[in-house]
Amino acid sequence: MNSETPVSNVVLVTVDSLRADAIGAYDRARHTPVIDELAERGTVFERAFANGNWTPFSFPSILASRPVFADSGEIGVEDVPTLARTVSDGGVATGGFNAANGFLTSHWGYDDGFDEFEPFVASVGSSIYSKYLATHPTVEAWLQLAASPIRRIRSRLAGNADDRPFLDTSRMFDVEHAATEFFEDASEPFFLWIHYMDTHTPYVPAPRYIREVSSGLVGTHRMLHAHTRTGLGWEVGERTLDDLRTLYQAAARQVDASIGRLLDELSANGLDDETAVILAGDHGEEFQEHGHLAHYPKLYDELIHVPFIVDVPGAEGQRVEEQVGLDSIPPTVAGLLDVDTPEEWLGEPLVSTVLDGTRPTGDPVVSVTVRGEDVTAQPIPRSLADGDLLVSIRDRDWTYIRNVDADEEEVYYRPDDPTQQRNRASDRDEDVRAVIERFRPIVDAHAELLREAERDDTRPGESQAGAVDEDLEARLEALGYR
């Protein structure tokens, strides 16, 4: 393909709800040895920011280098050149395996360009019982708990010990199996994308990973107790919050171990020396830093600051301080595969940074969300019409957030306020006023870009947001998107 890049293949690993400080490369207190080794030999972008606060708002940037809503006023990538389509047209074999996130399916155009594509979003069945379990995963977990003695005996007899997730809703092993078969059969060059769901609520990791990240006191009953309290909307105390954090970290370690097995498969097939591996979280996760759990529509760092690591065989390891957005992923993958990038893509290519240490431009990173009257209101917004538009801008030190429709703004200086608790928008400080004056036009321009797409969307018939079939809607509800 290209004599100037040292690789023929790229594997992109995205992890749902993975915040930056969940892995050791960003927080030394964490236990993720596989990812940490990947980071040690690769390029770590210390200030990588998602372009949205949850999957359907972030992934248009990750797999199409476009802002959500910019082309149709709705979520999805049906109207833009995707990464898979671009590299496929450039002669690259493609595979995409998504561990059952209903927002990353053919319904929203994410299959475009993939030779092999499997979202593992299975039918929930037609019975009332099947539909109920699909939309109430905690109830299903309690039922599995009742049968767990038998399951554990069978597991030990089969020699599996306790390395399987307690509640295997994440489809982690399905993704592993599909990726392994892809490695065995792929003709080079290739691009493979896999997406994990283990760090998305409910966190139900295998017992061994709970023990690896904690004292081992969080058992099955406490795990289900924590998820029951949150699922029913009951008050979450410090003990339950600590349990949730432990389960989340154990789920991150579970993904870490799975990535290790995939890297072993790369090596076993003789592909490791010519394959770049990219890892990123699609957004983060909140543990009541701003009053809620999971990833409701906000734009603070616990939801926007994510890991982003690029490991290219032969390139020197480094840490990059300049801020970058996840919309840099498509042009970076295309550049490594020597494929020309479409004009529509907005992200900054980072190939020269990874290979030669060239510093990124450090342009501000834009992120968006849409919020209804209640921050926890469901269903999840799927168009600009579903609530107020919030846009955030980040440079190296400052975060600016503006509710465009309510004309409300927030300003945070992250070096002194890393969790963004002190809104300085009303300060008369010259630095604060300069940040507002610099970032407000960027927000206005981005909002106008999205509004223009909304106005120009004259496609006849039912909108994407209203055309979701029953099975897919049930799976989205199982993720908490009622």
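Residues numbered from 1 in each chain as written. Predicted model: local features only at pLDDT ≥ 70, side-chain atom pairs only at ≥ 80, totals over all residues. Heavy atoms only, no water.

## A closer look at the packing of helix H7 (residues 172-185) against helix H10 (residues 238-268)
Their axes nearest at 10 Å, the elements H7 and H10 cross at an angle of 15°. Looking at the two axes, H7 sits roughly parallel to H10. Crossing of H7 against H10: the hand is right-handed. Residues Met172, Phe173, Glu176, Ala179, Thr180 and Phe183 of H7 pack against Gln254, Ser258, Arg261, Leu262, Glu265 and Leu266 of H10. Residues of the contact of H7 with H10, tallied by class, amount to 6 nonpolar, 3 polar and 3 charged. (Axes fitted to C-alpha atoms, helices over the stretch in contact; angles between N-to-C directions. Helix = DSSP H or I, 4+ residues; strand = E, 2+ residues; numbered from the N terminus. Parallel < 35°, antiparallel > 145°, perpendicular 65-115°, else oblique. Left-handed = near helix turned anticlockwise from the far one by under 90°. Contact = heavy atoms within 4.5 Å. Nonpolar A, V, L, I, M, F, W, Y, C, P; charged D, E, K, R; others polar.)

## Some thoughts on the nonpolar core
Residues Phe45, Phe191 and Phe308 are the most contacted members of the largest nonpolar core, which totals 69 residues. Here this core takes 7 residues from helix H14 (residues 430-456), the largest share from any one element. With sequence-adjacent residues up to four places away left out, Phe308 is seen in contact with Tyr26, Thr43, Val44, Phe45, Ala48, Ile278, Leu279, Ala280, Val324, Leu326, Ile329 and Leu350. Grouped together as the second largest cluster of nonpolar side chains are 50 residues, Val13, Val175, Leu241 and Leu266 included. (Core = buried A, V, L, I, M, F, W, Y, C linked by side-chain atoms within 4.5 Å. Buried < 20%, exposed > 50% of the residue type's maximum accessible area, 1.4 Å probe, protein only.)

## Some remarks on the side chain of Thr105
Here Thr105 shows up in the loop between strand S4 (93-98) and strand S5 (116-118). Looking at Thr105, its side chain comes within polar contact range of the main-chain oxygen of Gly102, at 3.5 Å. (Polar contact = N/O pair within 3.5 Å; in protein donor to acceptor, adjacent residues only side chain to side chain.)

## Quick notes on the sheet that holds strand S13 (residues 365-371)
Across the sheet, which stays open at both edges, the 4 strands sit in the order S13-S14-S15-S16 with antiparallel pairing between neighbours. The strands lining the two open edges of the sheet, one partner per strand, are S13 and strand S16 (408-413). Taking each pair of neighbouring strands and ignoring which way they run, the sheet shows an average axis angle of 15°. Pairing between strand S15 (residues 398-403) and S16: 6 bridges, direction antiparallel. Pairing of Arg402 across the sheet is with Glu409, part of S16. (Pairing = 2+ DSSP bridges.)

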